[in-house]
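Structural characterization, general
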Amino acid sequence: MSTHQPPMPQAPAAAPEWQAAPGGPYPGYNSPIPVVRTHLGHALASEWTKIRSVRSTMWTLGVFILLVVGIGLLAGFAVSGSGDLSGQSPLTLGFFGLLIGMMCIITLGVLTTASEYGTGMIRTTMTACPSRGRVLAAKSIVFFVIAFVVTLVTVSFVAMVHASMLKGHGASTPSGGEWLKATVGISLYIALLGLLSLLVGSIIRHSAGAITIMIGAVLAPLVIALFMNASSLEKVQKALLEYSIPSQMGVFYDNTLSSSGPTGWDPLWIILGVTAAAYAGAYALLQSRDV
Amino acid sequence: MIEAVGLTKRYGDKTAVYNLSFQVRPGAVTGFLGPNGSGKSTTMRMILGLDNPTSGTVTIGGYPYRKLPNAPRQVGALLDAKAVHGGRAARNHLLSLAQLSGIPARRVDEVLGVVGLQEVARKRSKGFSLGMGQRLGIAAALLGDPQVLLFDEPVNGLDPEGILWVRNLMKALAAEGRTVFVSSHLMSEMALTADHLIVIGRGQLLADMSVTDFISANSADFARVRTPDTEPQLREKLSSALTEAGGHVLPEQDGALRVTGLPLPRISDLAYEAGVRLWELSPHQASLEEAYMRMTQGAVDYRSTIDQKASLQQQPPPGAQPPMPVPGQGQPGWYAPPPPQQGGQPFAMPTPPSGPYGGAPAGAYGAPGAGAPNPYAAPQGQPPVAAPPVPAAEPSQPAPAAPAADLTKSEDAR
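Definitions and limits used
- Residues numbered from 1 in each chain as written.
- Chains lettered and ligands numbered in written order.
- Predicted model: local features only at pLDDT ≥ 70, side-chain atom pairs only at ≥ 80, totals over all residues.
- Helix = DSSP H or I, 4+ residues; strand = E, 2+ residues; numbered from the N terminus.
- Buried ≥ 20, exposed ≤ 12 C-beta atoms within 10 Å, placed from the backbone.
- Contact = placed C-beta atoms within 7 Å.
- Nonpolar A, V, L, I, M, F, W, Y, C, P; charged D, E, K, R; others polar.
- Axes fitted to C-alpha atoms, helices over the stretch in contact; angles between N-to-C directions.
- Left-handed = near helix turned anticlockwise from the far one by under 90°.
- Core = buried A, V, L, I, M, F, W, Y, C linked by C-beta atoms within 7 Å.
- Pairing = 2+ DSSP bridges.
- pLDDT = per-residue confidence, 0-100.
- Domains from an automatic or database assignment.
- Expected span 1.5 Å × (residues − 1).
- Arc of directions from axis to C-beta.
- Right-handed = clockwise from strand over helix to strand, strands pointing away.
- Parallel < 35°, antiparallel > 145°, perpendicular 65-115°, else oblique.

**Some details on the overall build of chain B**
If you tally the helices and strands in chain B, you get twelve helices and 13 strands. Burial status across chain B gives 45% buried among its 414 residues.

So this is what it looks like as structure tokens:
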């Protein structure tokens, strides 16, 4: 395929009258730069360059780290000052910082795709790489890896600080499974939530709109549930509470709003399913829509 | 080579491009002309596979763009100078595109040198002027050293040095055997750059011909002859003498005569023989810009009008003459010379359309029967003098009606 350069010979035969036109019979042009067959790796390198070369990445991730570490430390100090965790896991305290910090990951996810539409860059990108699915895949992978690594490092740091800080304050010693869930588990969840935002950004193609939708998706179920006091809506209210994103995040810390609902690793499978569906939708729309 | 067949694009009930068929061949600069909103950019986007045509196809080297192997190495495009993320440095922007296309990173510095942006390579493109943005866009188009290049309005915002550079760049690229397709709304620019022209209006093909054909078809040479204003009978005398000798005479607004079909020395001789003194005898050429405007006149979507300032205007004192409009402002036909034939086509194709792309324009705009390339030199039967002699007298002129509308308005306001 890479040697496809001169498909021209059939052209003059198709339109011989051109021979008389200015410009005359053309020799065609062959570039001295070697032609390589591009693949996903090229797109990944390109997306990595893109994501590291804009300031919004540094800002959102910087604020994310600041929030998670800052709020985590504050919570740690508050608890260690006042005394007693009464047998709770010390890792639970990491939840609060992440609850706020996740907004940054959502924002970065949306910006990764939607900002290209906002600036018109997407047309340049899609001209340089007409296979649109590859661009979406590269964006998703690069963003997911960055979000996962940054979240994992930050959350693990905060968890270790908490564990050492609260050792003598009546906290339980977390098991290996609890550690895994509170670091790797929650990081996967947050990264997938960010990936979902990226896909929503690709579907909505408008930064502010997509960020609003994602923040609404995070907060709305809780807020709506607060106003559902009628007994006939009790079940709906309960479901909204249990399956709201903050509540699902709490599951990773065994810190839920109710006793039923998702447990263990369930939230991860739920968000994985939702993200996969969003990916399919974003892919289909990307293929069919005009850029 | 770019080939479009029956290309149509509708956005809702608005048809942006309708049944467009053309070919752009290698080794020449092909100009793509049309008024604002005539579908140039839409066509470009369809060529690049960004927009899907409603019907019809467009291929590059036989492939639709999205199926083209190594597309960025075969096709380079400047669509919109501002189609970059403003927060990214110029070099990083190009680097990401190079990586996406599998082009070595040192090529980035090469093209930055070509367009002259080395100094600002590490600056964010947000702060770039329009001209610098154009240069960055051109750099992106050249990045893959492709054999097909598309430029959408490349000289927008460039300084004179930049315009000259782009002009020479296009010619150099075409001379290397590449296909160069350049859109513009400036005929004058294309006349200097392009070898071949594709003109569209309201999304339909108006003309597809070489620039030389376009010039011979549309730039009618004529002589302006002025006889002494004080003796109108001399003008009549000369007029009949010139017509007798086979010339074709059109009176102009200011009393001069526009003569075609006779060389200047012959006009002078005839005047001498008839005993007519001449105040002026000068050669003229209708510009390509005029010909282009005449061609696209009916296809202009966005037309400027006179600024009436209706609600702000004072009631003029009774008997006061309304101010004459500035010539050229808001009058649709001010620029166009009179149509060559009464009721005929405003613009004549030089030859009957033939070949793979000749079919479309025949109906409304082309004149398949008009064998004469020069509408002034060869009047066909009917006397074209019957045509409105000057554009200002055209019935479509809105100027006389305007002050009246003004009066009623201010009358109502009182």
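**Regarding the overall build of chain A**
When helices and strands are counted, chain A shows eleven helices and zero strands. Sequence-ordered secondary structure for chain A, helices as α and strands as β, is α-α-α-α-α-α-α-α-α-α-α. Burial statistics for chain A: of 291 residues in total, 41% are counted as buried.

**Re the interface of chain A and chain B**
Counting residues at the interface gives 46 residues for chain A and 53 residues for chain B. Partitioning the side of chain A that touches chain B into residue classes produces 23 nonpolar, 17 polar and six charged.

**Here's the deal with the packing of helix H4 (residues 94-119) of chain A against helix H7 (residues 176-204) of chain A**
All names here are of chain A. The contact between H4 and H7 brings their axes to 7 Å, and the two run at 35°. Regarding H4 and H7, the two cross each other, and that crossing is right-handed. Counted together, Gly94, Leu98, Met102, Ile105, Ile106, Leu108, Gly109, Val110, Thr112, Thr113 and Ala114 of H4 and Ala182, Ile186, Ile190, Leu193, Gly194, Leu195, Ser197, Leu198, Val200, Gly201, Ser202 and Ile204 of H7 form the full contact between these two elements. For the contact of H4 with H7, the residue count by class is 15 nonpolar, eight polar and no charged.

**Observations regarding the nonpolar core**
Among the nonpolar cores identified, the biggest contains 146 residues, and Tyr189(A), Leu193(A), Leu94(B), Ala139(B) and Leu197(B) are the most heavily contacted of them. It is H7(A) that provides the largest number of residues to this core, a total of 14 residues. Once you skip the residues sitting within four places of it in the chain, Ala139(B) turns out to touch Leu94(B), Val111(B), Leu112(B), Val114(B), Val115(B) and Leu117(B). Within the second largest apolar cluster, eleven residues are counted, among which are Phe222(B), Leu242(B), Val259(B) and Val276(B).

**Some details on the sheet that holds strand S10 (residues 221-226) of chain B**
All names here are of chain B. If you trace the four strands from one edge of the open sheet to the other, you get S11-S12-S10-S13, paired in antiparallel fashion. Taken across any chain shown, the strands that pair with only one partner, and hence form the sheet edges, are strand S11 (248-251) and strand S13 (280-285). With strand direction ignored, the average angle separating the axes of adjacent strands in the sheet is 25°. Of the strand pairs in this sheet, S11 and strand S12 (residues 257-260) are connected by four bridges, and their pairing is antiparallel.

**Considering the confidence of the model for chain B**
It should be kept in mind that the predicted coordinates are not to be read in detail where pLDDT is low. Residue and element names in this part refer to chain B. On average, residues of chain B score 78 in pLDDT, and 74% of them reach the 70 mark or higher. Taken together, the stretch residues 327-414 has pLDDT below 50 and engages in 126 contacts with residues farther than four places along the chain or on a different chain. Across the whole predicted complex the pTM is 0.77, and at the interface the ipTM reaches 0.86.

**Section: the confidence of the model for chain A**
Mean pLDDT over chain A works out to 87, with 88% of the residues at or above the 70 mark. Here residues 1-26 of chain A is a poorly scored stretch, pLDDT under 50, and it has 39 contacts once near neighbours within four places are set aside; other chains count.

**Describing the domain arrangement of chain B**
Reports of interface size often rely on the accessible area that becomes lost once the parts have come together. Examined at the domain level, chain B breaks down into domain 1 (2-216), domain 2 (221-285) and domain 3 (307-338 + 388-414). The distance between the C-alpha centroids of domain 1 of chain B and domain 2 of chain B comes to 47 Å.

**Quick look at the sheet that holds strand S2 (residues 14-24) of chain B**
Residue and element names in this part refer to chain B. Taking strand neighbours across the sheet as the criterion, the three strands line up as S2-S1-S4 in an open arrangement whose pairing is antiparallel. Every other strand in the sheet has two partners, leaving S2 and strand S4 (55-60) as the edge strands with one partner each. Averaged over all neighbouring strand pairs, the angle between strand axes comes to 20°, with direction disregarded. Direction of pairing for strand S1 (residues 2-11) relative to S2: antiparallel, over a ladder of seven bridges.

**Here's the deal with the environment of Gly133(B)**
Residue and element names in this part refer to chain B. Mapped onto the elements of the fold, Gly133 is located in helix H5 (residues 130-142). Taking the number of C-beta atoms within 10 Å as the measure of exposure, Gly133 has 21 and is therefore buried. Along the chain, Gly133 and His196 lie 63 residues apart, while their C-alpha atoms are 27 Å from each other.

**A short note on helix H2 (residues 40-52) of chain A**
Spanning 13 residues, H2(A) covers 18 Å between terminal C-alpha atoms, matching the ideal 18 Å at 1.5 Å per step. Of the positions making up H2(A), those classed as buried are His42(A), Ala43(A), Ser46(A), Glu47(A), Thr49(A) and Lys50(A). On an axial view of H2(A), the arc spanned by its buried residues comes to 155°, and they lie on one face. In this fold, the buried residues of H2(A) make contact with helix H6 (132-165) of chain A together with helix H3 (90-101) of chain B.

**So, the pairing of strand S7 (residues 179-184) of chain B**
Residue and element names in this part refer to chain B. Of all the six residues making up S7, six are buried; the element is thus mostly covered by neighbouring parts of the structure. With burial as the criterion, each face of S7 is covered, one bearing Thr179, Phe181 and Ser183 and the other bearing Val180, Val182 and Ser184. The pairing of strand S6 (residues 148-152) with S7 spans five bridges and is classified as parallel. In the strand pairing of S7, Leu150 is matched with Phe181. In this view, the connection linking S6 to its parallel neighbour S7 by way of helix H6 (residues 160-175) has right-handed handedness.

**Some words on the environment of Val161(A)**
Residue and element names in this part refer to chain A. Turning to its location among the elements, Val161 is positioned in helix H6. The sequence separation of Val161 and Gly72 amounts to 89 residues, and the corresponding C-alpha distance is 8.9 Å. Excluding residues that lie within four positions of it along the chain, Val161 makes contacts with Leu73 and Gly76.

**With respect to the pairing of strand S8 (residues 196-201) of chain B**
Residue and element names in this part refer to chain B. Within S8, six of the six residues are buried, which leaves it mostly tucked inside the rest of the structure. On S8, burial covers both faces: His196, Ile198 and Ile200 on one face and Leu197, Val199 and Gly201 on the other are all buried. Here strand S3 (residues 28-33) runs beside S8; their pairing, made up of four bridges, is parallel. Counterpart to Leu33 in the pairing with S8 is Val199. By the bridge criterion, six bridges tie S8 to strand S9 (residues 204-210) in an arrangement that is antiparallel. Opposite Leu197, over in S9, you have Met209 as the bridge partner.

**Thoughts on H7(A)**
Relative to the 42 Å expected for 29 residues at 1.5 Å per residue, H7(A) spans 41 Å between its end C-alpha atoms, a close match to the ideal helical length. Two residues or fewer past H7(A), Arg205(A) is found with a positive phi of approximately 60°.

**Quick notes on the environment of Ile211(A)**
All names here are of chain A. Take Ile211: it is sitting in helix H8 (residues 207-226). Since 21 C-beta atoms lie within 10 Å of it, Ile211 is described here as buried. Separated by 101 residues in the primary sequence, Ile211 and Val110 have C-alpha atoms spaced 6.4 Å apart. With residues near it in sequence (within four places) discarded, Ile211 still touches Ile106, Thr107 and Val110.

**Section: the packing of helix H3 (residues 55-82) of chain A against H4(A)**
All names here are of chain A. Close contact between H3 and H4 brings their axes to 7 Å; oriented N to C, the two are set at 175°. Compared by their axis directions, H3 and H4 come out roughly antiparallel. By residue class, the composition of the contact of H3 with H4 is 15 nonpolar, nine polar and no charged.

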